[in-house]
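So you can see what is in the structure, the chains are spelled out below.
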Amino acid sequence: ASVNLSEAGALEVMAALVDRGIEVEAGLAGPEEVERLVTGGMAEGLLRVLIEPGGEDAADQLATAEAIDAALEALEVTAPRLAHGTGAATWAVLEWAATKGHDLRIGLEDTLVMADGTKAENNAELVTAAAELLD
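Attention here is on the structure that accompanies the text. Every chain is numbered on its own, with residues counted from 1 as its sequence reads. Restriction of local features to residues with pLDDT of at least 70 applies here, the model being predicted, together with a cutoff of 80 or more for giving and counting side-chain atom pairs; totals for whole chains, interfaces and linings are based on all residues. Water and hydrogen atoms play no part in the side-chain values, which are based on all heavy atoms of the structure.

A word on helix α5 (residues 123-132). Think of it in three bands: residues with accessible area under 20% of the maximum for their type are buried, residues over 50% are exposed, and the middle band is partly exposed, with areas taken using a 1.4 Å probe on protein chains only. In DSSP terms, a helix is any run of H or I states spanning at least four residues, a strand is any run of E spanning at least two, and both are numbered starting from the N terminus. Within the span of α5, buried status applies to Leu126, Ala129 and Ala130. The buried residues of α5 occupy an angular sector of 100 degrees when the element is viewed end-on, so they sit on one face. Residue contacts are defined here by distance: any two heavy atoms, one from each residue, within 4.5 Å place the two residues in contact. Tucked into the core, α5 has its buried residues touching α4 (90-100) and β5 (103-104). In this description, one arc is meant: the one made by directions from the helix axis to the C-beta atoms.

This is the structure:
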């Protein structure tokens, strides 16, 4: 189950899921959420960490993604990392994630456009283009 640390009660929900044997993906929108994850005792045993910076500006999303990644390193959170962006900035975040060796997520929920700004025809087109970043 994916739980966003930015939402009220996130740590309690995560604990309840773990108690029931359900693996947790921790969604992080900012670096401050990494410390909350660690101090809340939920950093161990995560299925993965979802790095999901918000906003429309690519530079802001990249800076936030890098800050989250650095905080995960500093606090020794070892869970696999998956990244996605929003809007046209999605592509900058995915390119960054690919260079870091992180997994990528993309779909029409994240962006409606291709890296060149043209409208995506469907999810398959987005996924194919994102997969090419991993080659």
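So, next bit.
Attention now goes to the nonpolar core. Inside soluble globular proteins, nonpolar side chains tend to come together where they are buried. Grouping buried Ala, Val, Leu, Ile, Met, Phe, Trp, Tyr and Cys residues that are joined through side-chain atoms within 4.5 Å yields what is termed a nonpolar core. In terms of nonpolar packing, the biggest core is built from 35 residues, with Met14, Leu37, Leu46, Val49, Ile51 and Leu72 touching the most fellow members. Counting only elements with at least two residues in this core, the list comes to α1 (10-19), β2 (25-28), α2 (32-39), β3 (48-51), α3 (58-74), α4 and α5. Per-element tally for this core: the top contributor is α4, with five residues. With near-sequence residues (within four places) excluded, Leu72 lies in contact with Leu28, Val34, Val49, Ile51, Val77 and Arg81.

If you check α3, its first and last C-alpha atoms are 24 Å apart, about what 17 residues at 1.5 Å a residue would give, namely 24 Å. Every buried residue belonging to α3 is among Gln61, Ala65, Ile68, Asp69, Ala71 and Leu72, and all of these are buried. Looking straight down α3, one finds that the buried residues subtend no more than 160 degrees of arc, so they occupy a single side. For α3, the exposed residues lying more than 90 degrees away from the buried face are Ala59, Glu73 and Ala74. Residues of α3 that are buried sit in contact with β2, α2, β3, β4 (81-83) and α4. N or O atoms closer than or at 3.5 Å make up a polar contact, with two conditions inside protein: a donor-capable atom paired with an acceptor-capable one, and, for residues adjacent in sequence, both atoms drawn from side chains. Structurally, the start of α3 carries an N-cap: the backbone nitrogen of Ala59 is 3.2 Å from a side-chain oxygen of Asp57. One less than the number of residues in a helix, times 1.5 Å, gives the span that helix is expected to have.

Glancing now at the side chain of His102. Considering the arrangement of structural elements, one finds His102 in the loop between α4 and β5. Among the polar contacts listed, one links the side chain of His102 to the side chain of Asp69, at a separation of 2.9 Å. Setting aside chain neighbours within four positions, we find His102 in contact with Ile51, Asp69, Arg81, Trp96, Ala97 and Leu134.

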